[in-house]
Amino acid sequence: MRLEDPDSAETKEFVEKMKLTDVLKTKREKLRESSPNYMTFPSTLLHLGKDSLDGKPEVLLDPNTLSDDGTVALSAYAVSEDAKYLAYGTSSSGSDWVTIKVLRIADKITEPDTISWYVLLYIGENCDPVNKVYYCDLLSLPKGLEGYKGKKELLPFVKFVDKFEASYEYVANDDTIFTFLTNKDAPRNKLVRVDLKEPSSWTEVLQEDKKDVLESATAVNGNQIIVNYLRDVKNILQIRDLKTGSLLHHLPLEIGAVSEISSRRKDSIIFVGFTSFLIPGIIYTCNLQGEVPDMRIFREIVVPGFDRSEFESSQVFVPSKDGTKIPTFIVARKGLRLDGSHPCLLYGYGGFNISITPYFTASRILIAKHLDGVFCIANIRGGGEYGEEWHKAGALAKKQNCFDDFISAAEYLVSAGYTQPKKLCIEGGSNGGLLVGACINQRPDLFGCALAHVGVMDMLRFHKFTIGHAWTSDYGCSDKEEEFNWLIKYSPLHNVRRPWDKPSDKATQYPCTMLLTADHDDRVVPLHSLKLLATMQHVLCTSVEKSPQTNPIIGRIEQKAGHGAGMPTQKIIDEAADRYAFMAKVVDATWID
């Protein structure tokens with residue numbers, strides 16, 4: 001229990017001993033030197049002026065200047081309808097807590113008032129995609145919101161949807177007639193319409209698709225909507241009629257992911273953010289004034305030294321243990337020889353209805369470019385890639401499916417000739433850190449290296465710390481006997497075993513392992529990684545005379561950082577250099593200039 005107290009003398013002493021060895025120095029320095037060109041592309045909010053998109057851009061807000069040491073991150077922002085104000089949220093040292101400030105756009109002066117901790121009313125129960133909907137008719141208030149200034153009286157909210165049975169996301173409204181995106185009786189989502197005056201009468205505007213997941217719908221150009229579907233983990237965009245849901249146009253996109261859609265219902269212009277494994281970032285404009293949408297590149301991020309024509313990405317569907325096909329992306333240099341000689345990085349998540357879509361990662365491109373490596377993502381069950389059914393198939397009593405899927409993807413990469421076990425590294429963060437921890441316990445023979453970031457490692461006590469209680473919707477809770485029996489079977493902390501104690505096992509030891517955490521992580525608190533690190537080092541190393549465990553098991557603890565946000569660019573580069581230098585060293589990768 002001592003490692004659960006971050007301020008105890010024992011914890012501080014344990015953390016202080018976690019120092020990276022200088023044997024990584026050469027590869028780490030090469031990665032660190034190569035990273036800035038790939039990782040320091042623009043990250044500022046630009047102001048173009050109101051009159052024309054062709055105007056000269058100027059910096060409106062630079063997140064890099066929010067603090068001297070770079071540990072204050074921009075976590076959210078929104079512009080007022082009249083474009084006079086920018087509201088932006090910041091978080092310090094990686095914390096989940098957000099402070100909201102308001103900036104006047106004309107003179108770039110921040111208003112003195114700030115909104116700290118939580119101000120918006122949202123009604124959720126846990127991490128399940130369900131919510132309640134309450135509304136307040138501001139027109140019915142005699143003095144509007146002004147009449148509530150300085151009072152403790154609550155606004156007269158009407159409980160419109162008051163059960164946790166489905167999710168409801170606002171799309172548009174005409175007076176009291178509202179359109180929502182919902183998963184009510186539709187695990188891949190649909191659009192529905194309801195009149196607040198007749199709350200029991202709902203009509204379908206756009207039916208659930210048989211396979212594709214409706215991720216978002218945004219009102220634009222009066223009575224049209226731009227809908228964003230996820231089809232086999234790739235986004236497609238359509239323009240549809242808001243009232244009838246009928247298809248009007250397809251919008252052309254390469255294979256990749258839509259990162260953001262920005263529009264207003266009264267405007268005919270849409271902004272679409274797009275990325276992929278080989279495209280750092282593009283912003284498209286789409287003008288809907290003509291008969292056919294006019295879609296053009298508005299801004300494109302160019303990374304010095306990166307030529308995407310040298311690489312290729314592909315997608316395969318790997319059968320899991322029970323036959324379920326698992327979509328898996330593979331990124332590598334063109335013309336790669338499938339002779340099993342390449343270092344390979346396999347990444348996964350598999351939880352909380354979160355989809356891992358194609359996205360550009362500079363550090364992983366470096367692996368393909370300079371280590372002749374292969375980078376892969378396995379879209380395992382538990383995520384949202386095929387809707388709520390896919391999510392539930394990797395949650396609660398079915399969580400083992402996540403590990404089976406990931407292990408099957410790893411086995412495919414070996415059998416197909418991309419790599420071999422001693423050159424295969426697996427990586428994941430948060431719920432993905434749990435994934436890595438469980439997989440090295442279950443198949444230590446299959447991997448040469450493991451990188452687990454801020455993982456949930458103690459599945460019997462996670463609900464007792466910070467926001468952990470909200471994760472019981474995906475994991476269950478050890479306080480309940482049935483759910484305890486699910487959790488104890490795969491909890492990384494409670495399943496560390498000596499492979500050599502089983503003569504039939506192929507493995508003689510665990511793979512080289514790095515557990516990464518941060519001292520200010522108030523979501524998945526550091527105790528998870530620290531307890532697993534101490535347990536692995538004791539069970540596999542220090543408690544055994546002449547232990548067969550010669551592969552290193554180390555930790556990396558970042559300071560003044562949290563669950564991932566709030567790290568300055570140099571710290572991001574340093575962490576990536578450390579973990580991938582570790583990978584390169586232990587899988588015996590050769591640096592290629």
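The shown structure was predicted, so the numbers you read here are calculated from the model rather than taken from an experiment.

As for the pattern of salt bridges
Stage number 1. For the structure shown, the criterion picks out 33 salt bridges.
Stage number 2. The partner of Lys531 in a salt bridge is Glu4, and the shortest N-O contact between them spans 2.7 Å. With a gap of 527 residues between them, Lys531 in helix H9 (residues 527-542) and Glu4 in the segment before helix H1 (9-16) connect regions that are remote in the sequence. With respect to burial, Lys531 and Glu4 carry one shared label: buried.
Stage number 3. Between Glu389 and Arg188 there is a salt bridge whose closest N-O contact spans 3.4 Å.

Things to note about the sheet that holds strand E21 (residues 311-319)
Hydrogen bonds between backbone atoms are what pair the strands of a sheet, whose relative direction is either parallel or antiparallel.
Stage number 1. What the 8 strands build is an open sheet, ordered E21-E22-E24-E23-E25-E26-E27-E28; its pairing is mixed. Looking at which strands have only one partner, the edges of the open sheet turn out to be E21 and strand E28 (553-558). In this sheet, neighbouring strand axes are inclined to one another by 20° on average, regardless of whether the strands run parallel or antiparallel.

Observations regarding the pairing of strand E22 (residues 325-333)
Stage number 1. With 7 of 9 residues buried, E22 is to be regarded as a mostly interior element.
Stage number 2. Where E21 meets E22, 9 bridges bridge the pair, whose relative direction is antiparallel. Looking across to E22, one finds that Phe311 is bridged to Arg333.
Stage number 3. Two successive antiparallel strands, E21 and E22, enclose a turn made up of 5 residues, where Gly323 displays a positive phi of approximately 95°.
Stage number 4. Sheet topology places E22 next to strand E24 (residues 374-378); 4 bridges connect them, and they run antiparallel. By the bridge assignment, Ile330 is partnered in E24 with Cys376.

A short note on the nonpolar core
Stage number 1. Membership of the largest hydrophobic core comes to 93 residues, with the highest contact counts inside it found for Leu346, Ile426 and Tyr475.
Stage number 2. A total of 7 residues in this core trace back to one element, the largest contributor, which is helix H5 (residues 400-415).
Stage number 3. Excluding residues within four positions of it along the chain, Tyr475 makes contact with Phe352, Leu396, Lys399, Asn431, Leu434, Val456, Met459, Phe462, Trp486, Leu487 and Tyr490.
Stage number 4. Core analysis: the next-biggest nonpolar cluster, separate from the first, contains 16 residues, Val220, Ile239, Phe274 and Ile282 among them.

Calculation criteria
Residues numbered from 1 in each chain as written. Predicted model: local features only at pLDDT ≥ 70, side-chain atom pairs only at ≥ 80, totals over all residues. Heavy atoms only, no water. Salt bridge = Lys/Arg side-chain N within 4 Å of Asp/Glu carboxyl O. Helix = DSSP H or I, 4+ residues; strand = E, 2+ residues; numbered from the N terminus. Buried < 20%, exposed > 50% of the residue type's maximum accessible area, 1.4 Å probe, protein only. Pairing = 2+ DSSP bridges. Axes fitted to C-alpha atoms, helices over the stretch in contact; angles between N-to-C directions. Core = buried A, V, L, I, M, F, W, Y, C linked by side-chain atoms within 4.5 Å. Contact = heavy atoms within 4.5 Å.

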